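# Structural overview
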Amino acid sequence: MKCVLVTGGAGFLGSHLCDRLIESGNYVICLDNFFTGSKENIQHLVGNPNFELEERDIIWPYMKGVDEIYNLACPASPVHYQYDPIKTINTSVFGAVNMLELAKGVKAKLLQGSTSEVYGDPVKHPQTEEYWGNVNPIGLRSCYDEGKRCAETLCMDYHRQAGVVVKIIRIFNTYGPRMAQNDGRVVSNFIVNALQGKDIEIYGDGTQTRSFQYVDDLIDGMIRMMATEDNFTGPVNLGNPGEFTMLELANLVLELTGSKSRIVFGTLPEDDPRKRRPDITLARMKLSWQPMIPLRDGLVKTIDYFKSQL
Ligand code: NAD
Ligand code: UDP
């Protein structure tokens, strides 16, 4: 039985990962400060003899005998990561240092949950892992983007300098059950408002694109990445190449919910990327992985989840 640490384990992605790891016979430690995560997401695991909750902040050093670390602790929605930007960058940078020190100390493997945001507002489309990105280092999104870029740097330096086994995944927009109603990201905002008959607000003219991946596909890719040979560090893109405009997404949500909500247009936030789509050739090759759940099917499951919550 492996002992696996999941930081951010009470969040949207982390809680699904904890479930999957426990199902496959691991002992799981979930470390979280509950900034954006919730006790509800992991309530069903509390009391399981193979589950342990560590309520603490990742910016503080942590030592524990673990075999694998999935480092996911960090607010991910622009609304939440811009709420306290200094804390956000500290979480990414000091969090990565603390987890890499732990990995080095106990010889654990570390998987870093990085992001497609490292590509910023990309000039190259679709994005391959070789692309270095187009990130504004001083804008409102930088606390997140640059924090995550620095965490990738730290992973590679600990790998080269201290021999730590690291795996970097760049996660593209992911959605599904357990997103918080107030998460602030586009899929949950559109669905919650459609179900409540409120206006759906598109920021800008709605021509910007994103590529949305269903949570189960991502978790599968994460676990496959952790299992790759020790010298394979990535980074590897994990995302669904299906690319949609925000206007297309809004119309699809209206169709699937049967809602009569109106679509309204608001201000486009600063540095909002114009387009985003992963090239997943590397993930296909190294992980034999590709997403299986198309947007329409994933949205139906997510809508059912929010219906049960509202
Ligand atoms: P989330 O906000 O639901 O989860 C983040 C979790 O980290 C929460 O449980 C939160 O309480 C915890 N956390 C935040 N700061 C912490 C700290 N200082 N100490 C301890 N715990 C802390 O978001 P998510 O969508 O589940 O994202 C999880 C990870 O995946 C993040 O690192 C995010 O950057 C990355 N990611 C997510 C997406 C996506 O589309 N969901 C895309 C790219 C990258
Ligand atoms: N967006 C929107 N309405 C919302 C929330 C977001 O139109 O209620 C837009 C946002 O401006 C961006 C896209 O949807 O262009 C994706 O936003 P999200 O915050 O989900 O993710 P990110 O910008 O980090 O990819």
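Residues numbered from 1 in each chain as written. Chains lettered and ligands numbered in written order. Predicted model: local features only at pLDDT ≥ 70, side-chain atom pairs only at ≥ 80, totals over all residues.

## What about the overall build of the protein?
When helices and strands are counted, the protein shows ten helices and 13 strands. Scaling as 2.2 N^0.38, a compact globule of 310 residues should have a C-alpha radius of gyration of about 19 Å, and the protein matches this with 19 Å. Considering only C-alpha atoms, the protein reaches an extent of 55 × 45 × 40 Å along its principal axes. Within the protein, the proportion of its 310 residues that are buried is 46%. Considering only intrachain contacts with a sequence separation of at least 6, the fraction spanning at least 24 residues in the protein is 81%. (Helix = DSSP H or I, 4+ residues; strand = E, 2+ residues; numbered from the N terminus. Rg over C-alpha atoms; globule rule 2.2 N^0.38 Å. Buried ≥ 20, exposed ≤ 12 C-beta atoms within 10 Å, placed from the backbone. Contact = placed C-beta atoms within 7 Å.)

## Points about the site of ligand 2
By nearness alone, 13 residues border ligand 2, and Arg185, Val186, Asn189, Ile202 and Tyr203 come closest of all. Secondary structure elements with two or more residues in the shell around ligand 2: α6 (186-196) and β8 (200-203). In terms of residues, the shell around ligand 2 owes the most to one element, β8, which gives three residues. (Near = placed C-beta within 6 Å.)

## Considerations on the site of ligand 1
Residues in close proximity to ligand 1 total 26 residues, the closest being Gly8, Gly11, Leu13, Thr36 and Gly37. Secondary structure elements with two or more residues in the shell around ligand 1: α1 (12-23) and β5 (109-115). A class-by-class count of the residues in the shell around ligand 1 yields 13 nonpolar, eleven polar and two charged. (Nonpolar A, V, L, I, M, F, W, Y, C, P; charged D, E, K, R; others polar.)

## Section: the confidence of the model for the protein
On average, residues of the protein score 98 in pLDDT, and 100% of them reach the 70 mark or higher. When pLDDT is averaged over each element of the protein, strand β4 (residues 68-71) comes out on top at 99 and helix α3 (residues 78-81) at the bottom at 96. As scored by the predictor, the complex reaches a pTM of 0.98 and an ipTM of 0.98. (pLDDT = per-residue confidence, 0-100.)

## Remarks on the UniProt feature "domain: NAD-dependent epimerase/dehydratase" (unreviewed entry) in the protein
Following the UniProt record, the feature "domain: NAD-dependent epimerase/dehydratase" (unreviewed entry) maps to residues 4-237 here. Here residues 4-237 is 37% helix and 19% strand, with 23 Å between the C-alpha atoms at its ends. (UniProt positions renumbered as here; feature names shortened; annotations may be inferred.)

## Notes on α1
The end-to-end C-alpha distance of α1 is 17 Å, a good match for the 16 Å that twelve residues give at a rise of 1.5 Å each. Within α1 the residues assigned to the buried category are Phe12, Leu13, Gly14, Ser15, His16, Leu17, Cys18 and Leu21. Of the surrounding secondary structure, the elements contacted by the buried residues of α1 are β1 (3-7), β2 (27-32), α2 (39-42), β4, β7 (174-175) and α7 (215-226). (Expected span 1.5 Å × (residues − 1).)

## Observations regarding unusual backbone geometry
The linkage connecting histidine 125 with the following residue, proline 126, adopts the cis geometry, with an omega of -10°. One can find proline 126 in the loop between β5 and α5 (142-162). Across the junction of glycine 234 and proline 235, the peptide omega takes the value 0°, indicating a cis bond. In this fold, proline 235 is placed in the loop between α7 and β11 (236-238). Even without being glycine, lysine 107 reaches a positive phi, approximately 55°. Of note, lysine 107 is situated in the loop between α4 (85-106) and β5. For aspartate 271, which is not a glycine, the phi torsion comes out positive at approximately 60°. For aspartate 271, a count of 16 C-beta atoms within 10 Å gives the class partly exposed.

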